[in-house]
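# Structural overview
Letter by letter, the chains look like this.
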Amino acid sequence: MLSTHISLEDTPTLYSAPSSSTKRSYIWRLKVEQVKLLDRFSTSNKSLTGTLYLTATHLLFIDSLQKETWILHHHIAAVEKLALTTAGCPLVIQCKNFRIVHFIVPRERDCHDIYNSLLQLSRQAKYEDLYAFSYNPKQNESEQIQGWQLIDLAEEYRRMDVPNLNWKLSDANRDYKICETYPRDLYVPRAANKPTIVGSSKFRSKGRFPVLSYYHQDKQAAICRCSQPLSGFSARCLEDEHMLQAINKANPSNRYMYVMDTRPKLNAMANRAAGKGYENEDNYSNIRFQFVGIENIHVMRTSLQKLLEVNGTKGLSVSDFFSGLESSGWLRHIKAVLDAAIFLAKAIVNESASVLVHCSDGWDRTSQVCSLGTLLLDSYYRTIKGFMVLIEKDWISFGHKFSDRCGHLDGDPKEVSPVFTQFLECVWHLTEQFPQAFEYNEAFLLQIHEHVHSCQFGNFLGNCQKEREDLKLREKTYSLWPFLLDDQEKYLNPFYTPSSQKFTVLEPNTVPFNFKFWRNMYHQFDRTLHPRQSVFKLIMNKNDQNKQLEKEIKELESKIKQQKTRHTDTVLTKESLHCIHADSPALKPSLCFKKEQTLLPVNDAIRTIEGSNTADNRYSEYAEEFSKTEPAVVSLEYGVARMTC
Amino acid sequence: MEFAELIKTPRVDNVVLHRPFYPAVEGTLCLTGHHLILSSRQDNTEELWLLHSNIDSIEKRFVGSLGTIIIKCKDLRIIQLDIPGMEECLNIASSIEALSTLDSITLMYPFFYRPMFEVVEDGWHTFLPEREFKLLSSVTKEWRLSYINKDFSVCPSYPPIVTVPSCIDDEALRKVATFRHGGRFPVLSYYHEKNGMVMIRSSQPLTSTNGRRCKEDEQLINATLGPGKRGYIIDTRSLNVAQQARAKGGGFEQEAHYPQWRRIHKSIERYHILQESLIKLVEACNDQSHNMDRWLSKLEASNWLTHIKEILTTACLAVQCIDREGASVLIHGTEGTDSTLQVTSLAQIILEPRCRTIRGFEALIEREWLQAGHPFQQRCAQSAYSNSKQKWEAPVFFLFLDCVWQILRQFPCSFEFNEHFLIMLFEHSYASQFGTFLGNNESERCKLKLQQKTMSLWSWVNRPSELNKFINPLFEANSLVIWPSVAPQSLQLWEGVFLRWNRSSKYLDEAYDEMINIIEYNKELQAKDNCF
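Since this is a predicted model, take the numbers as computed values, not measurements.

Residues annotated by UniProt as "domain: Myotubularin phosphatase" (unreviewed entry) correspond here to residues 123-498 of chain B. Span residues 123-498 of chain B is 43% helix and 9% strand, its end C-alpha atoms 29 Å apart.

In structure tokens:
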């Protein structure tokens, strides 16, 4: 097929480097005209007609109003061709960021072509074919390297005061010999020697022996993580018992420690039959064992599927919405994860007890609980930089299988699970309960979620550090974090009030009525469902404006001061400024300067209506005249139809 | 009757008060004719000052000689009093019961209340129909004021003055009144200046089973249409219910007799169904031991948000007819005093920027609820903790306020007032020191001489010091039609009311204060900047 160029004013903002927004051309592989884009929730089948293009990386739809809809191929979770209708061939595309688009292609052959191309483009067999390997944000090599060095976990452990008297850096896994899915640098109790480590790792599923995740300086208590022990019904391992003892001893402020098995008791017991299982309290001295009952990845996957299914229904009733929400179990799972994190934080704060957290393999539920627990404990993780560190530490470095869980490559669909999405949702619930405790806002969480699936940056590719090193991601791809930091204005919470103390513990209330459906995540792209005016954006704008004004006033004041010292004999007051202005040419430029300086773009567009601020790419497609927007109202025809019966 | 007869024990010492989010306090409990007061005496402050009329129900329990009274209020709060001494406790309980359910309106607190503030503007005269009509008459001459009901003889639930088509004389109105339930003939509710379309409201026509018709009624409502124009009749009842109404003498407009009108049936619930919905919802919110599944299933079973969706949808439909289709609308249900008013008032909020200001919203409540004859006395006699099975209670106005809150949430910058304003109105509609919400209609209010004997809520609210609390700092007038989303994902539980007493709002309040700080600081900086 002949390739041609499409020239566009804007790049697909969400996916490309935020730096460039010049006119660009894209090579397209496929172009189909007269395609209809249906409104997902409109009961009257409203639609927009336009042209659909497929590029190497994106699907692009430009409607008759020249509005562009970009969909990254990697974001596509499923493509479905529905039965032919009189209007044409319907094609439904479901994305990992919960966007659902419904096209109608006039000719079946075209539809078939698009369908096949998308299947091929959205499912890559090799990492090297993912977008990150071809994505070029126009950074030079040193910027690329610096970008990757932005988050330094050794520095993070130093921030926690590790290594210290009780905790040391172990080189046991330097060459990934003990555990392939752990990072090279691991922190263990000083008392744990090599034989203990090796012995313990042999007694743990996938060799994931207990290591330090977080050290609470104030309480001298530690959060450690591992996988399940290979205890079966009666097996024990002295080295593993020593390991736990060493962890316990490394905390001088409490004589017992907690072992949290984040699985439901029944699942853990069933694992015993397979030679795995959980710690027997009799074999380990001074441990308090606790199940917390978070379900496994399969239950979570099904739960989300159910939730999305219910919410995709046209003309959904309130009753069906709530019973669907209930039967999906989604919020129940979110609550379970948060409750586990609270249990963890309480053990540290109230009892100064160290906690060892595990699930089966120690890379899903364990990552959720450890990261959320520390988020409750340490206010650093509630800053933008700190949150990046947290994700790098508890998720990326400890081997949460991002590529498997997000289905980056064409692989086993049973490995896909929204574990990280749940983590982000838990954080969102916390930001809702503590609106001033977080430096970042909802857009930050959504943007991270976007890129976990986009495969545009190297951070989330692969399933563990070793795999990432083998792929040479640091040389061949870019890190997401510097781009988010460059853009951090967008992600700042205007209400943020930094806590004066490092350890300000959040104590969330998990009574069920505090949990709400996260509309902005699961209906991100269904603009008709959202509030049409955003308090958040407005306040963010005011905040920016305040900063600018402060600066300006300061400048002016210092200029006046200078003038004052020059005209020592003239008494300057604000009121007399104007006369001075008239007869003092020296002052003139400084005052004119102020006028030239444009104020922040606090404009009516933002004030009046939602999302007309095109600078914010997430909502850029909402920039439509607002009074035109059809809400999910009643269609009149419906009412009339009822009338005739 | 003397209140003293009802108060056997006016005062008990060493009473312990338990309330949500406060530590228990010990103090002296005093009963007066209208209040229950608890003072901890240490620093002479009153810990509790509760209107008897705010009490929805009470429960008493005894452990030995220690009695406990649990007081459930109409504003949904629950407090507990531990009273030493069985006799004292029994006396207090029976007094509260008697005082909170006084039969006679004239014994209610508003008749005894003497304001401590200076009245700047008398709220009883703030919203006069004549003044409202002046605005209308400057744009169209097609409407006139009719004084036909000045002695409430034509329609007991209508105000003395109503707005009707200029071409229909009072004689015709009298005939139409006999054809409409309760005499509620069609009157003007809203005139849409943008395109001259109108919203009129009435009660159901009394067609009964034999298909009775009334020429004057047809003339009246056709007079609201332009030549060759068509209109919509929105019946807030399902077709089924409307058909059944014929057996009781009611009914709906037959196509044959109203050929210029298309009828649309919606289904907004009424009376005990709404009341039960409220009871169930509050019960679900108050039980913190629920697990997630149970909470969601109870929330669903309460159907509260289903009612919200139904009401909002119908209001949107009316707006759609007026603004999009350019057609006039007649809205009615059965009596035209409940669901009809929910729809007409919400439609105006969606359509008309003026109704989103504080004054405009007060005027709307005055016009579409008080003067339009919503029976507040009956509907708000009991709230979510009522256990009596009376037929007339229903949270109709409460649902309206919740719907307004839903729109406010979706358009946080388009309203001059904030959530606290809505909560205040909710509280005062159920229990108040002011006379505004007493009585069921203007005729009753007139007989009670409320204007002379009680203070209007608006006199108090509209003073700058009070008004300050209710101003939305984000407000910027928006002249557009504000279409709310009615998808279930967009509707939310009104936490400010339903979870108010069940969880601490400390962090949310602090964030709200911070928001105000940012806005105030911005104003300050702007002013400073302009000084240079």
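From this point, things continue past the structure.
Taken residue by residue, the interface counts 72 residues in chain B and 72 residues in chain A. For the pair chain B and chain A, the summed buried surface comes to about 6600 Å²; carbon and sulfur atoms form 64% of the total. Applying the counting criterion to the chain B and chain A interface returns three salt bridges. A salt bridge links Lys528(B) to Glu557(A); the shortest N-O distance between them is 3.7 Å. Our enumeration of links across chain B and chain A arrives at 18 residue pairs in polar contact (both at pLDDT 80 or more). Where the side of chain B that touches chain A is concerned, the elements lending two or more residues are β13 (261-265), α7 (292-302), α8 (304-324), α12 (396-410) and α19 (506-531) of chain B. No other element matches the 15 residues that α19(B) contributes to the side of chain B that touches chain A. Residues of the side of chain B that touches chain A, tallied by class, amount to 37 nonpolar, 19 polar and 16 charged.

A few words on the sheet that holds strand β11 (residues 211-216) of chain A. Residue and element names in this part refer to chain A. Strand order in the open sheet formed by five strands is β11-β12-β15-β13-β14, with mixed pairing between adjacent strands. Two strands close off the open sheet at either side, each with one partner strand: β11 and β14 (287-291). For this sheet, the mean inter-axis angle between neighbouring strands, taken without regard to orientation, is 20 degrees. For strand β12 (residues 221-226) and strand β15 (residues 355-358), the ladder comprises four bridges, and the chain directions are parallel. Looking at the pairing, Cys226 lines up with His358 of β15. Packed on one face of the sheet, helix α10 (residues 365-377) meets β11, β12, β13 (257-261) and β15 and runs near 165 degrees to β12.

With that settled, consider the pattern of salt bridges. Scanning the model with the defined rule gives 54 salt bridges over all chains in all. The partner of Arg367(B) in a salt bridge is Glu132(B), with the nearest N and O atoms 3.0 Å apart. On the criterion of sequence distance, the pair formed by Arg367(B) in helix α10 (residues 358-370) and Glu132(B) in helix α2 (residues 129-137) is long-range, its members being 235 residues apart. The exposure class of Glu132(B) is partly exposed, given its relative accessible area of 29%. Linked through salt bridges whose partners overlap, the residues forming this network are Asp364(A), Lys401(A), Asp404(A), Arg405(A) and Glu415(A).

All names here are of chain B. Sheet topology places strand β1 (residues 11-19) next to strand β2 (residues 22-31); six bridges connect them, and they run antiparallel. If you follow Val15 over to β2, its bridge partner there is Gly27. Here β1 folds back onto β2 in antiparallel fashion, the turn holding two residues, of which Phe21 has a positive phi close to 70 degrees. With three bridges connecting them, β1 and strand β7 (residues 78-84) associate as antiparallel partners. Residue pairing across strands places Leu17 opposite Leu81, the latter belonging to β7.

Mapped onto the elements, Asn311(A) comes out in helix α7 (residues 297-311). Overall, Asn311(A) belongs to the buried group, its relative accessible area being 3%. In this view, Asn311(A) contacts Arg40(A), Phe41(A), Leu316(A), Phe321(A), Phe517(A), His523(A) and Gln489(B); residues no more than four positions away in its chain are not counted.

Interface size is commonly expressed as the accessible surface area that is lost when the partners come together. Residues and elements named next belong to chain B. Here chain B is described as being made up of domain 1 (3-102), domain 2 (129-285 + 298-501) and domain 3 (503-531). Inter-centroid distance (C-alpha atoms) of domain 2 to domain 3 is 36 Å. Roughly 540 Å² is buried in total at the junction of domain 2 and domain 3, and carbon and sulfur atoms are behind 55% of that figure. Of all residues in domain 2, Pro473, Leu474 and Leu499 bury the most surface against domain 3, accounting for 64% of the area lost on that side. Along the contact surface separating domain 2 from domain 3 lie one salt bridge. Between Arg503 and Glu495 there is a salt bridge whose closest N-O contact spans 2.7 Å. Between domain 2 and domain 3 we count three residue pairs in polar contact (both at pLDDT 80 or more) in total.

Generally speaking, nonpolar side chains in soluble globular proteins are found buried as a group. Within the largest apolar cluster, 225 residues are counted, with the highest numbers of intra-cluster contacts made by Phe387(A), Phe361(B) and Phe498(B). Among the elements that take part in this core, helix α9 (residues 330-351) of chain A stands out by supplying 13 residues, more than any other. With 31 residues, the next largest nonpolar core counts Ile148(B), Val154(B), Val187(B) and Val198(B) among its residues.

Within this structure, the stated rule accounts for zero disulfides over all chains. Sulfur of Cys237(A): no disulfide; nearest cysteine sulfur belongs to Cys226(A) and is 12 Å away. Among the residues examined, Cys237(A) registers a relative accessible area of 9% and is labelled buried. Looking at the unpaired Cys355(B), the closest cysteine sulfur is the one in Cys316(B), lying at 15 Å.

Moving on: the pairing of strand β6 (residues 66-73) of chain B. Residue and element names in this part refer to chain B. For β6, the tally of buried residues reaches seven of eight residues, placing the bulk of the element in the interior. Where strand β5 (residues 55-63) folds back on β6, the antiparallel hairpin that results is connected by two residues, among which Gly64 adopts a positive phi of roughly 65 degrees. Direction of pairing for β6 relative to β7: antiparallel, over a ladder of seven bridges. The residue bridging Gly67 from the neighbouring strand is Ile83, located in β7.

Before going further, it helps to examine the sheet that holds strand β10 (residues 187-192) of chain B. All names here are of chain B. Within the open sheet, the five strands sit side by side as β10-β11-β14-β12-β13. Their pairing is mixed. Of all the strands in the sheet, the pair left with one neighbour each is β10 and β13. Across this sheet, the average inter-strand angle for adjacent strands is 20 degrees, counted without regard to direction.

About the thresholds
Residues numbered from 1 in each chain as written. Chains lettered and ligands numbered in written order. Predicted model: local features only at pLDDT ≥ 70, side-chain atom pairs only at ≥ 80, totals over all residues. Heavy atoms only, no water. UniProt positions renumbered as here; feature names shortened; annotations may be inferred. Helix = DSSP H or I, 4+ residues; strand = E, 2+ residues; numbered from the N terminus. Contact = heavy atoms within 4.5 Å. Buried area = accessible area lost by both parts, 1.4 Å probe. Salt bridge = Lys/Arg side-chain N within 4 Å of Asp/Glu carboxyl O. Polar contact = N/O pair within 3.5 Å; in protein donor to acceptor, adjacent residues only side chain to side chain. Nonpolar A, V, L, I, M, F, W, Y, C, P; charged D, E, K, R; others polar. Pairing = 2+ DSSP bridges. Axes fitted to C-alpha atoms, helices over the stretch in contact; angles between N-to-C directions. Buried < 20%, exposed > 50% of the residue type's maximum accessible area, 1.4 Å probe, protein only. Domains from an automatic or database assignment. Core = buried A, V, L, I, M, F, W, Y, C linked by side-chain atoms within 4.5 Å. Disulfide = S-S within 2.5 Å.

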